[in-house]
Amino acid sequence: GAGVSQTPSNKVTEKGKYVELRCDPISGHTALYWYRQSLGQGPEFLIYFQGTGAADDSGLPNDRFFAVRPEGSVSTLKIQRTERGDSAVYLCASSPMSSSSYNEQFFGPGTRLTVL
Amino acid sequence: QQQVKQSPQSLIVQKGGISIINCAYENTAFDYFPWYQQFPGKGPALLIAIRPDVSEKKEGRFTISFNKSAKQFSLHIMDSQPGDSATYFCAAFNAGGTSYGKLTFGQGTILTVHP
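Here the structure is a predicted model, which means the values were calculated and not measured. (Residues numbered from 1 in each chain as written. Chains lettered and ligands numbered in written order. Predicted model: local features only at pLDDT ≥ 70, side-chain atom pairs only at ≥ 80, totals over all residues. Heavy atoms only, no water.)

**Re the overall build of chain A**
Spelled out, the test is: Helical segments are the DSSP runs of H or I of at least four residues, strand segments are the runs of E of at least two, and each set is numbered from the N terminus. This radius of gyration counts C-alpha atoms alone. The globule rule is 2.2 Å times how many residues there are, raised to the power 0.38. A 1.4 Å probe rolled over the protein chains alone gives each residue an accessible area, and that area as a share of the maximum for its type sets the label: buried under 20%, exposed over 50%, partly exposed in between. In this description, contact between two residues means that some pair of their heavy atoms is separated by no more than 4.5 Å. Shrake-Rupley sampling with a 1.4 Å probe provides the accessible areas, and residues are treated as covered by the protein chains on show and by no other component. Positive charges are assigned to Lys and Arg, negative charges to Asp and Glu, while His and the chain termini are left out of the count. Lysine's charge is taken at NZ, arginine's at CZ, aspartate's at CG and glutamate's at CD.
The number of helices and strands found in chain A is 0 helices and 11 strands. Starting at the N terminus and walking to the C terminus, you meet the elements of chain A as β-β-β-β-β-β-β-β-β-β-β. A compact globule built from 116 residues would reach a C-alpha radius of gyration of about 13 Å, and chain A, at 13 Å, matches this within 12%. With respect to the principal axes defined by its C-alpha atoms, chain A has extents near 40 × 30 × 25 Å. By the burial criterion, 46% of the 116 residues in chain A qualify as buried. Contacts in chain A between residues far apart in sequence, at least 24 positions, make up 53% of those at least 6 positions apart. Of the roughly 5,500 Å² of accessible surface on chain A, 48% is carried by carbon and sulfur atoms. Across chain A, the 11 positively charged side chains and the 11 negatively charged ones have centroids separated by 7 Å.

**Quick word on a nonpolar patch on the surface**
The test is simple: Only residues whose relative accessible area exceeds 30% and that form no salt bridge enter a patch; like-charged residues are grouped when within 9 Å of one another, and nonpolar side chains (Val, Leu, Ile, Met, Phe, Trp, Tyr) when within 5 Å. Counted as salt bridges are all cases of a side-chain nitrogen of Lys or Arg within 4 Å of a carboxyl oxygen of Asp or Glu.
On the surface, a nonpolar cluster with roughly 240 Å² of combined accessible area is contributed by Ile18(B), Ile20(B) and Met78(B). Note that Ile20(B) resides in strand E3 (residues 19-25).

**Things to note about the state of the cysteines**
Formally: Cysteine sulfur atoms that come within 2.5 Å of each other are treated as a disulfide pair.
What the rule picks out here adds up to 2 disulfides over all chains. Each sulfur of the disulfide joining Cys23(A) and Cys92(A) lies 1.9 Å from the other. Across the S-S bond linking Cys23(A) and Cys92(A), the dihedral sits near -65 degrees, which makes this disulfide left-handed. Of this pair, Cys23(A) sits in strand E3 (residues 19-24) while Cys92(A) sits in strand E9 (residues 88-95), and the two are 69 residues apart along the sequence. One disulfide bridge connects Cys23(B) with Cys90(B), the sulfur atoms lying 1.9 Å from each other. With the S-S bond torsion at -95 degrees, the cross-link from Cys23(B) to Cys90(B) turns out left-handed. With Cys23(B) in strand E3 and Cys90(B) in strand E9 (residues 86-93), the pair connects residues that are 67 residues apart, well separated along the chain.

**Comments concerning the sheet that holds strand E1 (residues 5-7) of chain A**
Residues and elements named next belong to chain A. The criterion, for reference: Strands qualify as paired when DSSP identifies two bridges or more between them. Lines fitted to C-alpha atoms define the axes here, with helix axes fitted over just the stretch in contact, and angles between the N-to-C directions of these axes take values from 0 to 180 degrees.
The 4 strands lie next to each other as E1-E3-E8-E7, forming an open sheet whose pairing is antiparallel. Each end of this open sheet is capped by a strand with a single partner; those strands are E1 and strand E7 (65-68). Pairwise comparison of adjacent strand axes, ignoring direction, gives a mean angle of 15 degrees for this sheet. Where E7 lies against strand E8 (residues 75-79), 4 bridges are found, and the strand directions are antiparallel. Opposite Val-68, over in E8, you have Thr-76 as the bridge partner.

**Section: the packing of aromatic side chains**
Residues and elements named next belong to chain A. For the record, the criterion: Centre distance within 6.5 Å is the pairing criterion for rings of Phe, Tyr and Trp, where only the six-membered ring of Trp is used; planes under 30 degrees apart are then read as stacked, over 60 as edge-to-face, and the remainder as tilted.
Inspection of every chain in the model, using the stated rule, returns 17 aromatic pairs over all chains. With a centroid separation of 5.4 Å and an interplanar angle of 45 degrees, the aromatic rings of Tyr-35 and Phe-107 are classed as tilted. You can see Tyr-35 sitting in strand E4 (residues 31-37) and its partner Phe-107 sitting in strand E10 (residues 106-107), a full 72 residues away along the chain. Each of the two residues, Tyr-35 as well as Phe-107, counts as buried.

**Re the nonpolar core**
Residue and element names in this part refer to chain B. Under the convention used in this document: Among the buried residues, those of types Ala, Val, Leu, Ile, Met, Phe, Trp, Tyr and Cys that are joined through side-chain atoms within 4.5 Å form a nonpolar core.
Among the nonpolar cores identified, the biggest contains 24 residues, and Phe-33, Trp-35, Phe-73, Leu-75 and Tyr-88 are the most heavily contacted of them. Contributing elements (two or more residues each) for this core: strand E2 (10-14), E3, strand E4 (33-38), strand E5 (45-50), strand E7 (62-67), strand E8 (72-77), E9 and strand E11 (109-114). Counting residues per element, this core draws most heavily on E9, which supplies 4 residues. Those residues in contact with Phe-73 that lie beyond four places of it in its chain are Ile-21, Asn-22, Cys-23, Tyr-25, Phe-33, Trp-35, Ser-65, Phe-66, Cys-90 and Ala-91.

So this is what it looks like as structure tokens:
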């Protein structure tokens, strides 16, 4: 079956611009996660959705970052007034369900964002 | 705060050798420890995982050793192959509390296996 897909695969923008990054999770997965991976580093958690609601947004670095998942499937990560420090690979992952035990998170290929 | 520390940053091994990657964690609330493998241009993929109630888990050529008292765990790749060349990340997960849902990753180890 299809895995997690992310679009675009690459995004180049200018400082100060607004960008949207899209994630299509595996069909039927209720949990969705966004991570940010800087060069040479491990992924860092940004936000977690259970269904349509953001259950944990503690990883969002500031109020320029916002994410939505209006119908409980596709999610969009939105970054306002982009800064050069926002340059990174943005990874999306989905998981079958949330529970008190760990469920494997399946990652997409990521969107490489470059802010000039 | 770096809650999961991983070493070495890079590792070069000859084909057939053993690759060993180490991780240490600080948060005793972590209760699940997966290892991820990432190839260039791809997202991380789950390789093997362990819970702290066991000291070792083996799947094929991959083994996790876990030392709860030392808060350390390691990945051993036996009979390393060139196809194992990738970046490896340890991670930790806490099923309870306010950390619910998120993985905390180490910094990654770039493994190169020479033929």
